[in-house]
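Letter by letter, the chains look like this.
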Amino acid sequence: MVHDSNCIFCKIIAGEIPSLKIYEDEDLMSFMDINPFSKGHVLVVPKYHAQTITDLPEEVLVKLAKGVQKIAGIVRQRLGCEGFNVLQNNGAAAGQTVPHVHVHIIPRNPAPHLDWKSKKYDSDEEMHAYHKKLMGEE
Ligand code: 5GP
Ligand code: ZN
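Residues numbered from 1 in each chain as written. Chains lettered and ligands numbered in written order. Predicted model: local features only at pLDDT ≥ 70, side-chain atom pairs only at ≥ 80, totals over all residues. Heavy atoms only, no water.

(A) Spatial organisation of the site of ligand 1. Near ligand 1 there are 16 residues, and of these M32, D33, T97, H102 and H104 occur at the shortest range. In the environment of ligand 1, an oxygen atom lies 3.0 Å from a nitrogen or oxygen atom belonging to the backbone of V98. Taken by itself ligand 1 offers 520 Å² of open surface, and the protein chains cover 84% of this. Mapped onto the shell around ligand 1, the elements with two or more residues apiece are α1 (8-13) and β2 (28-32). For the shell around ligand 1, the element with the most residues is α1, which contributes three residues. (Near = heavy atom within 4 Å. Polar contact = N/O pair within 3.5 Å; in protein donor to acceptor, adjacent residues only side chain to side chain. Areas by Shrake-Rupley, 256 points an atom, 1.4 Å probe, with all protein chains shown as cover. Helix = DSSP H or I, 4+ residues; strand = E, 2+ residues; numbered from the N terminus.)

Here is the structure:
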């Protein structure tokens, strides 16, 4: 796999930086976003380091798309949200802050509508409680 030792998501994939992981296979990892748009927001990250989707080999992109579908199903089922947004930023001009391809899955309930300011969990315990739900442990 292509790896960049200075990249924060490569470090998370390598286990060098902790994360609340909800899924991992040979090609992908999914973990909770530390500054969620809504509670339960997760990221799906290919293990292949590249900045944007146009930099990814086609087979990696196909695996990422399948992973997004799978993780979105897990999020919807385990959190019981009515809908979800799938968001993906490419390049700083598009709002990308971490230069390693990732897809946001943002659980949604009817109101309030998505505002674009990130939120905070009320506490670490609350974030861990959402992690348990996402893991199907509750
Ligand atoms: P972007 O703006 O690049 O599309 O999204 C990057 C996302 O990564 C942001 O939503 C941000 O909260 C999240 N993020 C940045 N650093 C970390 C980290 O160290 N751990 C986790 N879990 N998420 C992070
Ligand atoms: Zn990386």
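(B) The packing of aromatic side chains, seen in detail. In this structure the tally under the stated criterion is two aromatic pairs. Measuring from centroid to centroid gives 5.5 Å for F9 and F31, while their planes differ by 80°, and the two rings are edge-to-face. Placement of the pair is F9 in helix α1 and F31 in strand β2, with a sequence separation of 22 residues. An identical accessibility class is assigned to F9 and F31; each is buried. Each ring, one from Y121 and one from Y130, has its centre 5.9 Å from the other, and the planes form 55°; the classification is tilted. (Phe/Tyr/Trp six-rings, centres within 6.5 Å; stacked < 30°, edge-to-face > 60°. Buried < 20%, exposed > 50% of the residue type's maximum accessible area, 1.4 Å probe, protein only.)

(C) Spatial organisation of the pattern of salt bridges. Tallied over the entire structure, the rule returns five salt bridges. As a salt-bridge pair, K63 and D27 come within 3.6 Å of each other at their nearest N and O atoms. With K63 in helix α2 (residues 58-79) and D27 in the loop between β1 (21-24) and β2, this pair connects stretches of sequence that are 36 residues apart. Looking at K63, the relative accessible area reads 38%, which means it is partly exposed. Looking at D27, the relative accessible area reads 17%, which means it is buried. The partner of K39 in a salt bridge is E126, with the nearest N and O atoms 3.2 Å apart. Placement of K39 in the loop between β2 and β3 (42-46) and of E126 in helix α3 (residues 124-134) is noted, with a sequence separation of 87 residues between them. According to the relative accessible area criterion, K39 is partly exposed, its value standing at 25%. When salt bridges that share partners are traced, they join K21, E24 and K47 into one network. (Salt bridge = Lys/Arg side-chain N within 4 Å of Asp/Glu carboxyl O.)

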